[in-house]
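Chain by chain, the residues run as shown.
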Amino acid sequence: MTEAILLVGGKGTRLRPLTVHTPKPMVPAAGVPFLTHQLARARAAGVEHIVLATSYLAEVFQPYFGDGSALGLHLEYVTEEEPLGTGGAIRNVASRLRSGPDDPVLIFNGDILTGLDIRALVDTHETTGADVSLHLTKVTDPRAYGLVPTDDTGRVLAFLEKPQTPEEIVTDQINAGAYVFRRSVIDSIPLGRPVSVERETFPGLLSAGAHLQGMVDSTYWLDLGTPAAFVRGSADLVLGRAPSPAVPGRCGDRLVLPTAQVASDAKLSGGTVVGEGAFVAEGARIFGSTILPGAVIEPGAVITDSLIGTRARVGRRSVLTGTVIGDGAVIGPDNELLEGARIWCDARIPAGAVRFSSDR
């Protein structure tokens, strides 16, 4: 296996305001666009040629990654004019593939952080003679995911979308968003219309008697679809809990990029990232958070499990927990923002305007 398709066309609506100006795969995680980690892990597994299926803010990708040579890859870009779904996006880029009909092609979603053993998935595909092989992972609460029951040999028996009742939960195995397709299966997907691999392609293949193989890999796995998950994923990359050869520095409690400035008495921990050109003032305390390039954290601010957007500012003594601050937003001094708060890009919150506790 030497080539792959990477699906990076989604709008990332659950991540807003992070994705107002930036496509989800380009939001920085552990100091670099999240997509960098996926590309680096694919390259480490032996992939040489990757086609990026783009759509939302498609113009951002190629200027950053170019032809991929800096990562030891050959990258191509195909843009959907209209959203085509997962299956439609895969079929839309098929003409750029070089594989023969029986060759394996790796396909993975652009919003999954995983420690998947890619070579093991490909080996499973080849040794079982499958038409499609799927990475499966086990979760405690599978109601938000598509269930994939398998037999004792790992052969897929069904695809069950987002069960809600206890009777519908027949397995804790879910579709983890990485696949190996036989090239000829890709060519069989309808061209030029929306297609869901989860709801149409996979069930259709099963009905036709195709061999779909599941491989359970229970290493690190995280869907980065929500702000809280994205912040946690970035911290886990810095802490070394999630593996990536693309982290720009040693794994540890903090990652401060070269042009950032951090006061000597500021406390950074829990996998905190301070991006290029950002400034963290004296007395600030930041845990498990991402400070994007050019952001300013004023003296005495306390930030926990939050993401501060590019060129945003957090005022003196403000307390943020589980919060997302959009690009260019300004949080005045003495504000208190708690779990789930999202401040939109370029918004202005005056001093002491928002609190969840009584005045001190």
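Refer to the structure presented above.
Residues numbered from 1 in each chain as written. Predicted model: local features only at pLDDT ≥ 70, side-chain atom pairs only at ≥ 80, totals over all residues. Heavy atoms only, no water.

Centre-to-centre distance and the angle between the planes together describe a pair of aromatic rings. All told, the structure shown has 7 aromatic pairs when counted by the stated rule. With a centroid separation of 5.2 Å and an interplanar angle of 25 degrees, the aromatic rings of Phe-159 and Phe-202 are classed as stacked. Linking Phe-159 in the loop between strand 9 (146-147) and strand 10 (160-161) with Phe-202 in helix 6 (residues 197-207), this pair joins segments that are 43 residues apart in sequence. On the basis of relative accessibility, which here comes to 0%, the residue Phe-202 falls in the buried class. Centroid distance Tyr-179 to Phe-181: 6.2 Å. Interplanar angle 75 degrees. Geometry classified as edge-to-face. Taken together through their ring pairs, the aromatic side chains of Phe-159, Tyr-179, Phe-181 and Phe-202 make up a single cluster. (Phe/Tyr/Trp six-rings, centres within 6.5 Å; stacked < 30°, edge-to-face > 60°. Helix = DSSP H or I, 4+ residues; strand = E, 2+ residues; numbered from the N terminus. Buried < 20%, exposed > 50% of the residue type's maximum accessible area, 1.4 Å probe, protein only.)

A few words on the sheet that holds strand 16 (residues 267-269). Spatially, the 5 strands line up as an open sheet ordered 16-19-22-25-28, and their pairing is parallel. Of all strands in the sheet, those with a lone pairing partner are strand 16 and strand 28 (336-337), marking the two edges. Pairing between strand 22 (residues 302-304) and strand 25 (residues 319-321): 3 bridges, direction parallel. Across the sheet, Val-302 pairs through a bridge with Val-319, a residue of strand 25. (Pairing = 2+ DSSP bridges.)

Time to look at the pairing of strand 12 (residues 212-216). Within strand 12, 4 of the 5 residues are buried, which leaves it mostly tucked inside the rest of the structure. Pairing geometry for strand 8 (residues 132-138) and strand 12, over 5 bridges, is parallel. Directly across from Ser-133, in strand 12, lies its bridge partner Gln-213.

Looking along the chain, the bond that leaves Arg-16 and enters Pro-17 is cis, with omega of 10 degrees. Along the chain, the position of Pro-17 falls in the loop between strand 1 (3-7) and strand 2 (28-29). If you check the backbone angles, Asp-334 has positive phi at about 60 degrees while not being a glycine. Structurally, the position occupied by Asp-334 is in the loop between strand 27 (330-331) and strand 28. Residue classification places Asp-334 among the partly exposed positions, given a relative accessible area of 29%.

Moving on, we come to the side chain of Ser-289. Relative to the assigned elements, Ser-289 resides in the loop between strand 19 (285-287) and strand 20 (290-291). Of note is the side chain of Ser-289, whose polar atom sits 3.0 Å from the backbone nitrogen of Asp-305. Here the side chain of Ser-289 touches Ser-306 through a polar contact of 2.9 Å, landing on its backbone nitrogen. With near-sequence residues (within four places) excluded, Ser-289 lies in contact with Val-231, Gly-271, Thr-272, Val-273, Ile-303, Thr-304, Asp-305 and Ser-306. (Polar contact = N/O pair within 3.5 Å; in protein donor to acceptor, adjacent residues only side chain to side chain. Contact = heavy atoms within 4.5 Å.)

A separate point is the side chain of Asp-111. As for its placement among the helices and strands, Asp-111 is situated in the loop between strand 6 (104-109) and strand 7 (112-114). Residue classification places Asp-111 among the buried positions, given a relative accessible area of 16%. At 3.1 Å, the side chain of Asp-111 forms a polar contact with the side chain of Lys-24. Those residues in contact with Asp-111, other than ones at most four positions away along the chain, are Lys-24, Phe-34, Gln-38, Leu-222, Asp-223 and Leu-224.

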